[in-house]
Amino acid sequence: SAAVAQPFDVVCMQSTTRCEELEARGALFTDLYRGVWSNVLKEAPNCAIYIGMYELIKTALLQFSVFKAFPIFAFLIAGGLGDAVGSVVRVPAEL
């Protein structure tokens, strides 16, 4: 997600600067992915924790008959808890 969103973030930042200056340097489109690795390093641990926790919680919840009948609730709970645990890693990186 960081690789997809990075160019949009850069374009928003560049729109606050002068486009003529960027065009003169030839950097209007070549700088779109500048800083993408810092975003990847910020998001990768969060994604790994989220996926791991989601699968672990989903598997545990689907053992109960209530969640076997309505698995969407197991998916929603697992997603919410997985994101909450992953956010513990992501939020300090955003500060």
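To start, this report covers the structure provided alongside it.

Scanning the chain from N- to C-terminus turns up 5 helices and 0 strands. Along its sequence from the N terminus, the chain presents helices and strands in the succession α-α-α-α-α. Each of the 95 residues in the chain was classed as buried or not, and the buried ones make up 28%. For the chain, restricting intrachain contacts to residue pairs at least 6 apart in sequence, the fraction spanning at least 24 positions comes to 59%.

The next thing to look at is the pattern of salt bridges. In the structure shown here, the tally under the stated rule is 2 salt bridges. A salt bridge links Glu43 to Lys42; the nearest nitrogen and oxygen atoms lie 3.8 Å apart. Assigned by exposure class, Glu43 and Lys42 land together as buried. Lys58 is paired through a salt bridge with Glu55; the nearest N and O atoms lie 3.3 Å apart. Residue Lys58 and its partner Glu55 are located together in helix H3 (residues 36-61), separated by 3 residues, close to a single helical turn. For Lys58, a relative accessible area of 18% translates into the label buried.

Of all hydrophobic cores here, the largest spans 6 residues; its members are Tyr54, Ile57, Leu61, Phe67, Ala74 and Ala78. For this core, the element with the most residues is H3, which contributes 3 residues. In this structure Ala74 touches Leu61, Leu62 and Phe67, once residues within four positions along its chain are discounted.

For the rest of this paragraph, the subject is the environment of Leu61. Looking at the element boundaries, Leu61 is found in helix H3. Under the relative-accessibility criterion, Leu61 is labelled buried at 15%. For the pair Leu61 and Ala78, spaced 17 residues apart in the sequence, the C-alpha separation amounts to 8.1 Å. Discounting chain neighbours no more than four positions away, the residues touching Leu61 are Phe67, Ala74, Ile77 and Ala78.

Next up on the list: the packing of aromatic side chains. The final tally for this structure, using the stated rule, is 2 aromatic pairs. With centroids separated by 6.1 Å and ring planes inclined at 25°, the aromatic side chains of Tyr50 and Tyr54 adopt a geometry described as stacked. With a gap of 4 residues between them, Tyr50 and Tyr54 both fall in helix H3, about one helical turn apart. Assessed through its relative accessible area of 30%, Tyr50 is described here as partly exposed. Ring centres of Phe70 and Phe73 lie 6.2 Å apart, and the angle between their planes is 65°; this geometry places the pair in the edge-to-face category. Of the residues examined, Phe70 reaches a relative accessible area of 49% and is grouped as partly exposed. Assessed through its relative accessible area of 45%, Phe73 is described here as partly exposed.

The rules behind the values
- Residues numbered from 1 in each chain as written.
- Predicted model: local features only at pLDDT ≥ 70, side-chain atom pairs only at ≥ 80, totals over all residues.
- Heavy atoms only, no water.
- Helix = DSSP H or I, 4+ residues; strand = E, 2+ residues; numbered from the N terminus.
- Buried < 20%, exposed > 50% of the residue type's maximum accessible area, 1.4 Å probe, protein only.
- Contact = heavy atoms within 4.5 Å.
- Salt bridge = Lys/Arg side-chain N within 4 Å of Asp/Glu carboxyl O.
- Core = buried A, V, L, I, M, F, W, Y, C linked by side-chain atoms within 4.5 Å.
- Phe/Tyr/Trp six-rings, centres within 6.5 Å; stacked < 30°, edge-to-face > 60°.

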